[in-house]
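Here is how the chains run, residue by residue.
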Amino acid sequence: SVHGEGGGPLTVIVSFALGQFVLVIFSKVYNLVTPFCIHEEIEQDNVALGVALGGNFIALSIIVMAGIGGSFITWQIQCLAPK
């Protein structure tokens, strides 16, 4: 998000905020779909749950990184269809 024609501090901040937002939403959804409370299990030292949750966070982070990584071109939406 820093490289390219329109890259700079604003694109870094927006990309970081988007990544953090996705991780927070994912953690809320993950807690809803599991049949137990994640926070209670981690407080009871459930290491397997911590490793599984951490692995899911890493996998999601790799997906988000691939989506927002690379050279930033512009904030404008461009039509790719020929005129």
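Anything mentioned here points back to the structure above.
On a predicted model such as this, the values are computed, not experimentally measured, just so you know.

What's the story with the environment of S27 in this structure? I'm lost.
Along the chain, the position of S27 falls in helix α1 (residues 9-33). On a C-alpha basis, the gap between S27 and F57 in space is 8.3 Å, while along the polypeptide they are 30 residues apart.

Whenever I open this one, a nonpolar patch on the surface confuses me. Can you help?
Where nonpolar side chains cluster on the molecular surface, the patch consists of F21, I25, V29, L32 and V33 and spans about 530 Å² of accessible area. Mapped onto the elements of the fold, I25 is located in helix α1.

Is there a simple way to think about the packing of aromatic side chains in this case?
What describes a pair of aromatic rings is the distance from one ring centre to the other and the angle between the planes of the rings. Using the criterion set out here, one finds two aromatic pairs in the structure. Between the aromatic rings of F26 and F57, the centroid separation amounts to 6.0 Å while the plane-to-plane angle is 65°, which identifies the pairing as edge-to-face. With F26 in helix α1 and F57 in helix α3 (residues 47-68), this residue pair connects regions lying 31 residues apart in the sequence. For F26, a relative accessible area of 23% puts it in the partly exposed group. An aromatic cluster is present here, built from F26, Y30 and F57 joined pairwise through their rings.

Got a minute to help me understand α3 in this structure?
The periodicity of an α-helix, 3.6 residues per turn, causes residues three or four positions apart to be oriented the same way. Between its first and last C-alpha atoms α3 spans 31 Å; for 22 residues at 1.5 Å apiece the expected length is 32 Å, and the two agree. The complete set of buried residues in α3 reads L49, L53, L60 and V64. All buried residues of α3 fall inside an arc of 40° around its axis, so they share one side. Counted as exposed and oriented over 90 degrees from the buried face of α3: V47, A48, V51, I58, M65 and A66. Of the surrounding secondary structure, the elements contacted by the buried residues of α3 are α1 and α2 (38-43).

What counts, and where the lines are drawn
Residues numbered from 1 in each chain as written. Predicted model: local features only at pLDDT ≥ 70, side-chain atom pairs only at ≥ 80, totals over all residues. Heavy atoms only, no water. Helix = DSSP H or I, 4+ residues; strand = E, 2+ residues; numbered from the N terminus. Patch = residues over 30% accessible without salt bridge, like charges linked within 9 Å, V, L, I, M, F, W, Y side chains within 5 Å. Areas by Shrake-Rupley, 256 points an atom, 1.4 Å probe, with all protein chains shown as cover. Salt bridge = Lys/Arg side-chain N within 4 Å of Asp/Glu carboxyl O. Phe/Tyr/Trp six-rings, centres within 6.5 Å; stacked < 30°, edge-to-face > 60°. Buried < 20%, exposed > 50% of the residue type's maximum accessible area, 1.4 Å probe, protein only. Expected span 1.5 Å × (residues − 1). Arc of directions from axis to C-beta. Contact = heavy atoms within 4.5 Å.

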